[in-house]
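Summary of structural features
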Amino acid sequence: MELDLDPDQQALVQALEHLTQPFLEAPRQGVFAPYAPKLQALLREGEFDAVQLQPGLGPLEAALVVDVVGRAPYLAETGVSVLVAPALLGRTVPGPVAVVDEVARPARFLSVARHAFVRRGADVVLVEVAADAVEPLSGMFAYPYGRFKAAPDLTAGEPLPADKRTDFDRLRRVALAAEAASAMTAALEATIEYVTHRRQFGQPLGAFQAVQHRISRNAVHARGARLLALEAAWKGDALTAALAAVYAQRFAGEAIEDLHQFNGALGITLDHPLHYWTYRLLALQGELGGLHVSAEAAAAEVWPEGAPPPPGPEPATAYSQLGW
Amino acid sequence: MEFGWSEQQLAFRRKLLDFLDETLPPDWSDIARDGPGSHAQMDYAREFCPKMAQAGLLTRHWPVEYGGEAGATPWEHMILSEEMWSIGDPRSSGYMGANWIAPTIMKYGTPEQKAFHLGKIASGEVLWAQGFSEPSAGSDLASLRTQATRVQGGYVINGSKIWTSYAHSADYVYLLTRTEGAAHAGITIFLVDLKLPGIDIRPINSILGEGEFHEVFFTDVFVPDEARLGEEGRGWAIVRAALHSERIGAARHEMARRTILKAVAELRRRKRFSDPVVRMRAATALALARAARLLVYAVVEGRVKARDPSAETSIARYALYEADKAAAAFVAEFLPESLLDGGDGQLRAAFASGATVGLAAGSAEVQLNLIARDGLSLPMKA
């Protein structure tokens, strides 16, 4: 157990912070989902999408990429192209990479995607995405969304091997959790900055205990979500991944409500960066079926269907972490 | 960053589990029914703690010079806490002695205090109570008023403590008093034999079961100079360090996790675990326990690296509060019969613990204050 970043991980984070520096200033043109192709390209050129394929590194380092990049107001797709795809395929796939669970439904990043994992029944197929095959969709979520104009030709794609299909959802849950934790952290930091300087009733807003307590709760949840996501990346088991997604989706709503509340009307404007993170959280709340599906995924790992319950009474020491 | 256990740590956990399986009586769940402060559990701790000491497990996490094992780290301490607390802690208040009372004696005690107290704690022969809260000093602990007045050869103590767990059977109390000065200045700690004349202990009945709370009255209680821990008036710094340990000393994340698993096992035996809402609630409560575990581990990491205590402790404590509450709520909603006579004692005790977690060791709101001030540097009111 070692919860501090090691020197390699610190170097990775520093390099990413340097790379994302020009993308930290919120865009002023009033866009809702500021996808930055340049940031996406820099991540590819810097081989950050290949980080987990390097000797001695793994999915935890890929989750750190998602974590750092997700704090910028400008968007690049990292969850699938940096974390999910290399873990499944053992090679990188130029991003953005979208995931399309149902061909007729909108998917995050599909309007700008170069590739997509498309689910068809039990199969998952990786396909190239042509720009003219996709209809961009605008809406309330701070991601570029799109929908296939017609069902893509999956016969031309690369099917995931059957033994990788369960890993597909597991890794997506890790990516979701890492991305949500990152958005919660960035939104929280922006809010702390605001309530520290904004004065009402003769005090900074952040001096009021009613405000402090809710911000402190969100700090607990953002930190918990981040550690859970990183643990899930490191452990590589389906349960931890599901629990990480559950925790992030369970507290995303509270973060959205509280952090908007304390930024007042300003936080609702497109000129203010808050929505870049909170409206990502809104999208992530419903990703992968939402909290109830993530929770059932966790429940199915701990209490598999058909397995008989342990006969009672059990010894006091049943369920030690040794078997966990 | 990595999230695995070393072979040595796994072996230590196995050793603890083997010891517990060999040592705990078959009716442990009934003994644990009213929690670690109950008469039944404190009586059992008188048997259990010496056995644990003989097995070399009670204070294995102490520094080597005080009899601990070479190479043991704060991680071993946390493993010990997880395996004990998750089953209702058969050490009863023996955990306080080993967890935070002895370490403050190691750091601030005189050679004589170390010789007298550390050996007794390490052998498991004494149990302690914590004399902190007073009728007018609850969440604002530093406003305490129990007076220690200097006299020839020592001090005379007058005042009262309240909500004191374990007092009915404990041997010693770790007592906070006021000598001179206001608020944080002027607080002095004494290690007081509870059998001294002038000490009157009265139980307070609570909804949580027998033995949980007491009032302790001090009327002209003379204690010698040798009973004072650290310098006069410097007790707050000592108790702050102790509270940082205490806030995560009880591994409530592990109790919450096992409470859920135990409750679900019972629900499955009763064929009441197919409802998706129940399954979702169970999984969500597990997620809270898992997050709390990691936040607690972040504090342990700080100890391993000898970092100063920080708001990380309050973050962990608040997450423990949320996890414990979620587990207790799950039990009450989906397995209410466990809270009635004849139900599982450990589940009942875990539920009761959920009722106090937001109050003990600094209220949940105090933790949020500390996170805001020390962790997030939010502005303070003018």
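The structure under discussion appears in the preceding block.
What you see as residue numbers is a count from 1 along each chain, following the sequence as written. Following the order in which they are written, the chains are lettered starting with A and the ligands numbered starting with 1. Note on the predicted model: pLDDT of at least 70 is required for a residue's local features to be given, and 80 or more for side-chain atom pairs to be given and counted; whole-chain, interface and lining totals, by contrast, use all residues. With hydrogens and water excluded, all non-hydrogen atoms of the structure serve as input to the side-chain values.

1. Description of the sheet that holds strand β3 (residues 115–120) of chain A
All names here are of chain A. Selection criterion: Any two strands with at least two DSSP bridges between them are considered paired. A run of H or I in DSSP becomes a helix once it reaches four residues, and a run of E becomes a strand once it reaches two; helices and strands are each numbered from the N terminus. In this analysis, two residues are considered to be in contact whenever any of their non-hydrogen atoms come within 4.5 Å of each other. For every element, the axis is a line fit to its C-alpha atoms; helices are fit only across the contacting stretch, and the angle between N-to-C directions ranges from 0 to 180 degrees.
Taken together, the four strands give an open sheet; going across it, the order is β1-β3-β4-β7, and neighbouring strands pair in mixed fashion. Looking at the sheet topology across the chains shown, the edges are occupied by β1 (97–100) and β7 (158–159). Pairing between strand β4 (residues 123–128) and β7: two bridges, direction antiparallel. Paired with leucine 126 across the bridge in β7 is glutamate 158. Along the sheet face, helix α4 (residues 79–89) touches β1, β3, β4 and β7 and points at about 60° away from the line of β3. Packing of helix α5 (residues 165–197) onto the sheet brings it into contact with β1, β3 and β4, and relative to β3 it is tilted by some 120°.

2. What about the packing of helix α6 (residues 209–235) of chain A against helix α9 (residues 276–304) of chain B?
Here is the rule we go by: In what follows, roughly perpendicular refers to angles from 65 to 115 degrees, roughly parallel to angles under 35, roughly antiparallel to angles over 145, and oblique to any angle outside these ranges. Ten residues, namely Ala, Val, Leu, Ile, Met, Phe, Trp, Tyr, Cys and Pro, are considered nonpolar, four, namely Asp, Glu, Lys and Arg, are considered charged, and the remaining ones, Gly among them, are considered polar.
Two numbers describe how α6(A) lies on α9(B): the axes approach to 9 Å, and their chain directions differ by 95°. By the criterion of interaxial angle, the relationship of α6(A) to α9(B) is roughly perpendicular. Between α6(A) and α9(B), the contacting residues are A:Val220, A:Arg223, A:Gly224, A:Leu227, A:Leu228, A:Glu231 and A:Lys235 on the first element and B:Ala287, B:Arg290, B:Ala291, B:Arg293, B:Leu294, B:Leu295 and B:Ala298 on the second. Tallied by class, residues from the contact of α6(A) with α9(B) come to eight nonpolar, one polar and five charged.

3. Focus on the side chain of A:Gln9
Here is the rule we go by: Only protein chains enter the accessibility calculation, which uses a 1.4 Å probe; a residue is then buried when its area is under 20% of its type maximum, exposed when over 50%, and partly exposed in between.
Relative to the helices and strands, A:Gln9 is located in helix α1 (residues 7–20). Looking at A:Gln9, the relative accessible area reads 1%, which means it is buried. Residues contacting A:Gln9, with those up to four places away along its chain left out, are A:Asp4, A:Leu60, A:Glu61, A:Leu64 and B:Met1.

4. Thoughts on the sheet that holds strand β5 (residues 134–137) of chain A
Residue and element names in this part refer to chain A. Read from one edge of the open sheet, three strands run β2-β6-β5, paired in antiparallel fashion. Two strands in the sheet have a free side with no partner beyond their single neighbour: β2 (107–108) and β5. Pairing analysis gives four bridges linking β5 to strand β6 (residues 145–148), with the strands arranged antiparallel. Paired with leucine 137 across the two strands is tyrosine 145, which belongs to β6.

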